[in-house]
Every structure is written in C-alpha cells, then in structure tokens.
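# Coordinate inspection notes
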Amino acid sequence: MSQHFDQTLDTVGLRLKHLRLRRDITLTTLGDETGISTSTLSRLEAGLRRPTLEQLLPLARYYGVTLDSLVDAPRTANPRIDLRPMACADGSVIIPLTRRPGGVQAYKFVLPTGSDDMMPDLRSHEGFDWAFVLNGTLRLVLGDQDLRLQAGEAAEFDTRTPHWFGATSAGPVEYLSLVGRQGQRAHVHASSGDHEH
C-alpha cells in the first residue's frame, strides 16, 4: 500500500467518530442501524481496524454522505489529475473514487432512464468487475444472461465475458463499480448468484 492510501484509511476513523458525535448517537444505536457490531465500530473509530467496503457502505448510507467524502481519498501527487465527475454524451455520469496506479479502481456510475428494448453493445476486456446497486434498477447483460439488479444487490464477473450495463425504463440508476485488472478481485466474503467461469 502506498503512503497516501495508508493515510487515507487512518483518517477514516476520525471522520466516523466526528459524524457519530455530531449526531449525538451511541455506538449501540449505530450498530443497531447498520448491522455492524459495537466492538467493530469502536475499533474503526479508534483507527485500530481498517474499514472494508462492506462496512463503509452502510455507514455512508446511514450518515447520508458519499463514500468519497467519507474516505476523502487523496487527489494524487499530480495536481493536473483530479477526481471530478465525468459527464458522457449519453447523459451518464462517471465519478472516479480512486486514482492510483495498479490495484482495484473504484467508480460511481449514474445512468439516466433507459429503454427496455435497447440492444446493448456488449464489450469484453481483461480484468474482473464487481458492481453494487445504490439506487434504482441496473440492467446487466452478461453473456447470454439479461439480469435486473435492485438496490442492495451486487454482481461479480470476469470481464472477459461480454457484458453491458444500463438503466431501465423504471428510471435512473446509481451503482458502484470496482474494476481490477489481471485477475485482481474485490474481496467479497459472501455472494449470491452464479459465477461466470
């Protein structure tokens, strides 16, 4: 891990403690609301434990803050490179959450309302992808599967399998995407659904 990455993780605990104290809630209350044990929350706030994505997501949702503001990822050593949202011609917005060489890259995607009968343009490339739906319905075409993922659902797959992401006519969709190259995967402890081999 780089020094910047270490420093970023080390400051998450202070941010979490500040958010909790500002709301005047106990660790017990926070644990009940997020499903995270009070001992784990205490260790996170004290900086004795590094947070995982599975812990940060419910905390960010409970506090009503974005993941990037919670983590406050460093911009990078190069001031010309910035983690600003990128607007695309099709109305979608891509928000980089990390910008570091190698490793797993994190993005937030916001896609406008789509068309259910749209013929997707499937792409494939080296790597591995993990997607988590924050709001709305995400259409994921993966090989010969046409899936609909709802808020709170996740999918992981080898990106050598032809794939495509999009919204449906039900409305816009927001999702997180962790993309790793050369077989790097997000560490997901529990999974539902079939894996592509």
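Residues numbered from 1 in each chain as written. Predicted model: local features only at pLDDT ≥ 70, side-chain atom pairs only at ≥ 80, totals over all residues. Heavy atoms only, no water.

### A word on the nonpolar core
The cut-off we apply is this: For our purposes a nonpolar core is just a set of buried Ala, Val, Leu, Ile, Met, Phe, Trp, Tyr and Cys residues, chained together by side-chain atoms within 4.5 Å. For each residue, the accessible area found with a 1.4 Å probe, counting protein chains only, is set against the maximum for its type, and the residue is called buried under 20%, exposed over 50%, and partly exposed in between. Only DSSP runs of H or I covering at least 4 residues are called helices, and only runs of E covering at least 2 are called strands; the numbering of each starts at the N terminus. Residues are treated as being in contact if the distance between any of their heavy atoms lies within 4.5 Å.
In terms of nonpolar packing, the biggest core is built from 15 residues, with Leu111, Leu138, Leu140, Leu149, Phe165, Val173 and Tyr175 touching the most fellow members. Those elements that provide at least two residues to this core are β3 (105–111), β4 (128–135), β5 (138–142), β7 (154–158), β8 (163–167) and β9 (173–180). Here the element with the most residues in this core is β5; it accounts for three residues. Those residues in contact with Phe165 that lie beyond four places of it in its chain are Leu111, Asp129, Ala131, Leu138, Arg139, Leu140, Phe157 and Tyr175.

### Observations regarding the pairing of β5
Here is the key point about a regular strand: its side chains alternate between the two faces of the sheet. Stated precisely, the cut-off is as follows: Should DSSP find at least two bridges between two strands, the strands are taken to pair.
By the criterion of burial, β5 is predominantly enclosed, with five of the five residues buried. The alternating pattern of β5 places Leu138, Leu140 and Leu142 and Arg139 and Val141 on opposite faces, both of which are buried. Both β5 and strand β6 (residues 145–149) contribute to a ladder of five bridges, which runs antiparallel. Its bridge partner lying in β6, Leu140 is registered against Leu147. As consecutive antiparallel partners, β5 and β6 are separated by two residues, and within that stretch Gly143 has a phi angle of approximately 65 degrees, a positive value. Here five bridges tie β5 to β8, and the two strands are oriented antiparallel to one another. Of the residues in β8, the one forming a bridge with Leu138 is Ala167.

### Topic: the sheet that holds β3
To keep things clear, this is the line we draw: Orientation is described by lines fitted to C-alpha atoms, with helices fitted over the stretch in contact, and by angles between N-to-C directions that extend from 0 to 180 degrees.
Spatially, the six strands line up as an open sheet ordered β1-β2-β3-β9-β4-β7, and their pairing is antiparallel. Bordering the open sheet on either side are β1 (86–87) and β7, each of which pairs with just one other strand. Here β3 pairs with β9 via seven bridges, running antiparallel. Bridge assignment links Phe109 to a residue of β9, and that residue is Tyr175. Running over the sheet, helix α4 (residues 53–63) touches β4 and β9 and is turned about 20 degrees from β4.

### Quick look at empty space enclosed by the protein
A water-sized probe rolled over the atoms picks out the places where empty space is left. This is how the line gets drawn: Two kinds of site are reported from a 1 Å grid over the protein atoms alone, namely cavities, where a 1.4 Å probe fits but cannot get out, and pockets, open sets with protein on both sides within 12 Å along at least five of seven lines, and residues are called lining when an atom falls within 4 Å of a point. Grid points are joined across faces, edges and corners, and a volume is the space filled by probe spheres set on the points.
Taken as a whole and judged by the stated rule, the model has one cavity of 30 Å³ or more. Along its surface, the largest cavity is lined by Leu16, Leu30, Leu41, Leu44, Glu45, Leu59 and Tyr63. Elements with a minimum of two residues in the lining of the largest cavity: α3 (38–45) and α4. For the lining of the largest cavity, the leading source of residues is α3, giving three residues.

### Quick word on the packing of aromatic side chains
Applied cut-off: Note on aromatic contacts: the rings of Phe and Tyr and the six-membered ring of Trp form a pair at centre separations within 6.5 Å, being stacked when their planes are under 30 degrees apart, edge-to-face when over 60 apart, and tilted otherwise.
Applying the stated criterion across every chain, the model contains five aromatic pairs. With a centroid separation of 6.2 Å and 55 degrees between ring planes, the pair formed by Tyr107 and Phe109 is classed as tilted. The class of Tyr107 is partly exposed, set by a relative accessible area of 24%. Measuring from ring centre to ring centre gives 6.0 Å for Phe157 and Phe165, while their planes differ by 45 degrees; the resulting arrangement is tilted.

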